[in-house]
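Structural overview
This is what each chain is made of:
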Amino acid sequence: MKPAPFEYVRPESLGQAVSLLAEHGEEAKLLAGGQSLVPLLAFRLSSPSVLIDLNGVGELDYLRLDGDRLVIGAMTRHRDVEEMAELRTRCPMLLEGVSRIGHVTIRNRGTVGGSLAHADPAAEWPSLVLALDGEIDAIGPKGTRTIPGEEFFDTYFTTALAPDEIVSEVRLRIPSGPRVGSCFLELARRHGDFALAGVGALIALDTGGSIADARVTLIGVRDRAVRSSAAESVLRGAPPSADLFAEAAEAVDPEIEPVSDIHGTSEYRRHLAKVLVRRALALAAERAGGE
Amino acid sequence: MSERRPITLRVNGRELSGSAEARMTLADFLRDELGLTGTHLGCEHGVCGACTVLMDGRSIRSCLMFAVQAEGHELTTVEGLAGPDGSLSPVQEAFSVNHALQCGFCTPGFLIAVTEYLAEGAPEVDDEDALRARLSGNLCRCTGYQNIVAAVRDAAERVRRSS
Amino acid sequence: MSGATHPYAPAGGPGSPAVRPPAYVGQRLRRKEDARLVTGRATHVADLRIPGLLHAAVLRSPFAHARIVRIETEAAATAPGVVRVFTARDLEGKIGPFVEAARTEIAPLLREKIGPTLKSCPMPVLAADRVLWVGQPVAVLVAADRYLAEDALELVQVEYEPLAAVSDPEHALEPDAPVLHPELGDNVQTSFVVSVGDVDGAFARAERTLSARLVMGRTAANAMETRGVAAVPDPGRDELTVWDANARPHLVRTFICEMLGLPADGVRVIGPDMGGSFGTGMFPEDVLIAFLARELGRPVRWVEDRRENLANTRHARDQIHQVEVAFDGDGRIIALKDRYLIDGGAYNNYAITVSYNSAAHLRGQFAIDHMRVEALSVLTNKAPVTPVRGAGRPEVVFVMDRIVDLVATELGLDPVEVRRRNLIRPEQMPYPMGMPYRDGVDIVYDRADFPGQLERALELFGYDEFRREQAAAREAGRRIGVGVSSYVEGSGYGPYEGAVVRIDSQGHVTVATGAKPHGQSLETTLAQICADQLGVTPDDVTVKAGDTALIAHGIGTFASRSAVTAGTAVGVAAARLREKVLAVAGELLETHPSDLDLERGIIAARGAPDRRVTLAEVARAAAPGPRAKLPPGMEPGLETVYYYVPPTVTFASGTHVVGVEVDEETGFVRLLKYVTTDDCGQMLNPAVVEGQVHGGVAHGIGNALFEEVVYDGDGQLLTGTYMDYLLPTASDVPPIAVGHQEEFPSELNPFGIKGVGEGGAVSPPAAIANAIVDALRPMRVRVDRVPIGPERLYRLIREARGDSATG
């Protein structure tokens, strides 16, 4: 299982990376963490003639919390986000989602930008971007543009990125306040496997104990990560309860379209999605201080 | 495309050189160019963990990296875990004492992953589920993991006692 | 049959030296193997440094069934780094037909008593005019390195004409199914019937009957090291040295010699360090690589990658059973009928090894005196199946233990109680089972206490307390359950294993044996038994296993046989060598050997400890030459060779109890607690025994809940990566408590040893299936097929609740 030959280039700057990508076009693939790409090369399911290694572009490796904005350079490793202490209490959904990406050894190397650009429908990062008002910066020969999270993910392994663009930064809004709770729940055959279905849930309660704001995202149940506005509408304004969560779970139905594969049929994944929505909302509400 | 280039890596504290095409994985380079065959290939697609080495103190799958990428970094392989006098590291000793290996093929990967875990302070070492989840990135077909869990706890204890 | 004495003669024969009691044997000695394994200094096939080495890569069929129309190799042959490309045409006249050892070497006694039908169907090394499974070798090329070899493989052009494939063994039996080997007439390659007692009469009289269809899916052995072969020719002498990650080096040599027409002493096969095996098998590459090396006059190595391994290597299980059971109102099982098939894949190189093992182990610990099994081995367009850890036992233990549970459910009894009512009781031992074992010798269980084993397992598990917890959990809406399974395992299979024990002039002991460990710790345990019987310490002993140059005859390590057969061979050889040592020491010390003690390498006169010599001095005195000091009539040299021929298998047994929790909403199963109790005879090293049980249980958990080799209707493999074929991880295996019954050492060898390598893997699917059923008992869910993943369990739950499958 050895990769086919390729030309290897290692830019030292973002500008250089952009030029190289523009120069080689479709013959080239960007190498970030490699945890998704290199297996494809090993199976020869992908044989690019040029590999542009972004691991030398130090200017893409940064991570900081500016107030309520989490600013992440594209080459930030999953593990660095996971180890950011402030996130543990402020946003369990983010931490729990990231900690479900494979295993520590994978997270040491895999990158946030790489995960977003790869856009696997079962990946956790796209759903976190949708849940947390994420914005993604893409840089190309004509400069940088900001793509709102909800416009970034198109379909399987396809994003709004132009072929000559590189993800450079992603920004998330980390919720704050005493009555905010969140979680990320996933069901997979084994720890670290791709999710059969996964749900990120965030609930913010008002002073009266009703749901002021909610986010419900799902992975593994469509051709891309989903944010369920239907479920969120059911939740907004209502007091948390098991019945409410069940209603919200039913509401996701038309917004998901799972496929069948060797690990689960579409029917089963649809069922799991709803079970997880109920459970995730209950846990998020409990953490918010509600029921 | 297929030209071999000279590659020098810092492995286990020494500078070692070989030559390889860009597409040669770090695992193959360590094994075939540098003669460090302690790092094993179990799947070549990043799942089994047998190829795990440390790069700058962090565990990585050497089958998912190319040798050229490792230039300028500090690598540690299983051959580098014992002391210069040959004394076994606490992890190596604990694995042997606890019979945490049978065929030994997956063992180098586990030793490296557990070395990293211990360097982090062995978080949640007494939580059975959390510890097993941490170990679930390395596959073993022989031991049923039971003695590996015991060895990790033993190693953590040894490190605690000596510090 | 109680009171009958055991008919077998003691190992070593009359006049053999008395066996010394265990001293190192039984201790949890730290392993000698570890020193190199924890420091990354083992040498596997892929680690060998061989000057001038070339690398082979195999082109494999992408079709399950197709005619090969044409193969063009020119482009590949001239690709960078390529030395040569070979197809079947290049092998014609140079490689003979695949040896059908399993078919031709069936024990004559078994053939006579059972009369199986067996069709000959040798597998080609490279496919000639047809391919019969996805992954079958079609061409091989040799290049400067594996990277270049894989590049060149893409340039080999094969024109295939796809044919209809059959991947369902029941369909393969239908008259309209594609026939894989037209010369055989149909897709049945072996069949046999075993009848015990009067089955039809018993069914006619039966109070109650029930029937069930029970299925165990296909799995793959998945040692962490893939296969590999390195062959180094000596063209000047026309000799060959082959390193092969194969647990049967002497058999590899037999195949190479027969198929390439070479004399046995011109071929040396060495089993290097091996990263597991979990089964046996002879594969085309075991001979092909040897051929390439000789043909090219250059060393050649082939290392299998995991993609090749998942498609080809040691597939197993894949049995379908149609069972009927006759029982009475108290749950006593009177008679059993089982018609089953094993899906052997495209070539069955294992004749009736696995299918007969199934027949012999079906009744396990239960006293069922009327039984009939009808077994078929069916050919389909899948990879050939080999014996893998358990080798036919997990399948029938699953059958038997599910039947017990179904009988219990039918009668409203606790399945544990039904077990109690059917287990063979200690006072009935030794118990004849009315049929031969695979070696042709009638099965008579050794003394054992199955009911006691069950009670001990239940106690270790905390069965009564668990039942109370279960009742409380049910109130709280949680579904927890407990399942039990038990097995009997014929271990220490023959025909023999040997040992050469030698002492060098420094007094160091070397043991050579034909066993080939790959995780079994034999370098340590055989040193323990040698130390006890010879009178040295294990540190004084080096074990060299699996090298055909070091011992003339060998069988290998599989079938839970090496501790028994190699252990006994080493023990007897060491005991005989001890006698020689004492005789020579007697000459040196002018004392009668019976007045001498040999402990820890020192021979001293009893009562006069300053009259002593070391083993080194004795070795030098025994060396040939004019200064030898030998008793009259004794040949020089301190070396003994002994081949142990076991009279038949020695029966080990075990009982497993598992507690599970089922998430009713999702079908996910969590293992709460796993307990085993086994009767494994004299343990050579308790740590090793426990480790084997832990590993076996983990393997069984994989077979129960996670692992399945899946082919689609066209014979395309759907589980070709580790994302699809799921091996259990540390999170999937619970802590395992291992208990032992130590009161029944084997009576078939002087050391009391029984085999323990496979037992752990035999019971988990049955125990876990029964536990799931127990957790969901109010819903009457039946788990009659394993592996069972969460979706299938979820659907069974919905069906049982009467919900529609959708919505």
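The structure presented is a predicted model; accordingly, all values stated were derived computationally and were not measured.

Criteria and thresholds
- By convention here, each chain's residues receive numbers from 1 onward along its written sequence.
- To read the labels, note that chains go from A and ligands from 1, taken in the order they are written.
- Reporting in this predicted model follows two pLDDT cut-offs: at least 70 for local features of residues, and 80 or more for side-chain atom pairs to be given and counted; totals over whole chains, interfaces and linings ignore these cut-offs and use all residues.
- Each helix is a run of DSSP H or I of at least 4 residues and each strand a run of E of at least 2, with the numbering of both proceeding from the N terminus.
- Every radius of gyration here is taken over C-alpha atoms, with the globule rule written as 2.2 Å times N^0.38, N being the number of residues.
- Burial in this document is a count-based property: other C-beta atoms within 10 Å of a residue's C-beta are tallied, and the residue is buried at 20 or more, exposed at 12 or fewer, or partly exposed in between, with C-beta positions derived from the backbone.
- Whether two residues are in contact depends on their C-beta atoms, placed from the backbone: they are in contact if these lie within 7 Å.
- Think of it as three bins: nonpolar holds Ala, Val, Leu, Ile, Met, Phe, Trp, Tyr, Cys and Pro, charged holds Asp, Glu, Lys and Arg, and polar takes everything else, Gly as well.
- Per the annotation, domain bounds derive from an automatic or database assignment of domains.
- For helices, the fitted line uses only the C-alpha atoms of the stretch in contact; every axis is such a line through C-alpha atoms, and the angle between N-to-C directions lies from 0 to 180 degrees.
- To sort the angles, those under 35 degrees are grouped as roughly parallel, those over 145 as roughly antiparallel, those from 65 to 115 as roughly perpendicular, and the leftovers as oblique.
- Note on convention: near helix rotated counterclockwise from far helix by under a right angle means a left-handed crossing. Clockwise means right-handed.

**Overview of the overall build of chain A**
In terms of regular secondary structure, chain A is built from twelve helices and 14 strands. Taken against the 2.2 N^0.38 rule, which gives 19 Å for 291 residues, the C-alpha radius of gyration of chain A at 19 Å falls within 12% of a compact globule. If you line up chain A on its principal axes, its C-alpha atoms span 60 × 45 × 30 Å. For chain A, the residues scored as buried account for 54% of the 291 residues in total. For chain A, restricting intrachain contacts to residue pairs at least 6 apart in sequence, the fraction spanning at least 24 positions comes to 66%.

**Focus: the overall build of chain C**
For chain C, the helix and strand inventory stands at 23 helices and 30 strands. A compact globule built from 807 residues would reach a C-alpha radius of gyration of about 28 Å, and chain C, at 28 Å, matches this within 12%. Across the 807 residues that make up chain C, the buried fraction comes to 61%. Considering only intrachain contacts with a sequence separation of at least 6, the fraction spanning at least 24 residues in chain C is 81%.

**Considering the interface of chain A and chain B**
Contacts between the two partners involve 23 residues from chain A, matched on the other side by 23 residues from chain B. Of all the secondary structure elements, the ones that give two or more residues to the side of chain A that touches chain B are β1 (7-9), α2 (37-42) and α6 (104-107) of chain A. Taken together, the residues of the side of chain A that touches chain B break down into eleven nonpolar, eight polar and four charged.

**Some words on the domain arrangement of chain A**
Split by domain assignment, chain A resolves into domain 1 (7-56), domain 2 (58-173) and domain 3 (180-288). Computed from C-alpha atoms alone, the centre-to-centre distance between domain 1 of chain A and domain 3 of chain A is 35 Å.

**Here we look at the interface of chain B and chain C**
Between chain B and chain C, the contact holds 46 residues from the first and 42 residues from the second. Counting residues per element, the ones that place at least two in the side of chain B that touches chain C are α2 (90-97), α3 (107-119), α4 (128-135) and α5 (146-162) of chain B. Looking at side-chain class alone, the side of chain B that touches chain C contains 23 nonpolar, 17 polar and six charged residues.

**Some remarks on the domain arrangement of chain C**
Residue and element names in this part refer to chain C. According to the domain assignment, chain C contains domain 1 (315-493 + 647-801) and domain 2 (494-644). Inter-centroid distance (C-alpha atoms) of domain 1 to domain 2 is 40 Å. Contacts between domain 1 and domain 2 engage 19 residues on the former and 17 residues on the latter. Across the side of domain 1 that touches domain 2, the residue classes break down as eight nonpolar, seven polar and four charged.

**What about the environment of C:Gly217?**
Residues and elements named next belong to chain C. Structurally, Gly-217 can be placed in strand β9 (residues 208-220). Measuring from C-alpha to C-alpha, the distance between Gly-217 and Leu-615 comes to 55 Å, with 398 residues separating the pair along the chain. When residues no more than four places from it in sequence are discounted, the contact partners of Gly-217 are Arg-317, Asp-318, Glu-708, Val-786 and Pro-787.

**Looking at the packing of α2(B) against α5(B)**
Residues and elements named next belong to chain B. Running from N to C, α2 and α5 cross one another at 135 degrees; their axes reach a closest spacing of 8 Å. Classed by the angle they form, the pair α2 and α5 counts as oblique. The interaxial crossing formed by α2 with α5 has right-handed handedness. Contacts between α2 and α5 involve Pro-90, Val-91, Ala-94, Phe-95 and Val-97 on the former and, on the latter, Ala-151, Asp-154, Ala-155, Arg-158 and Val-159.

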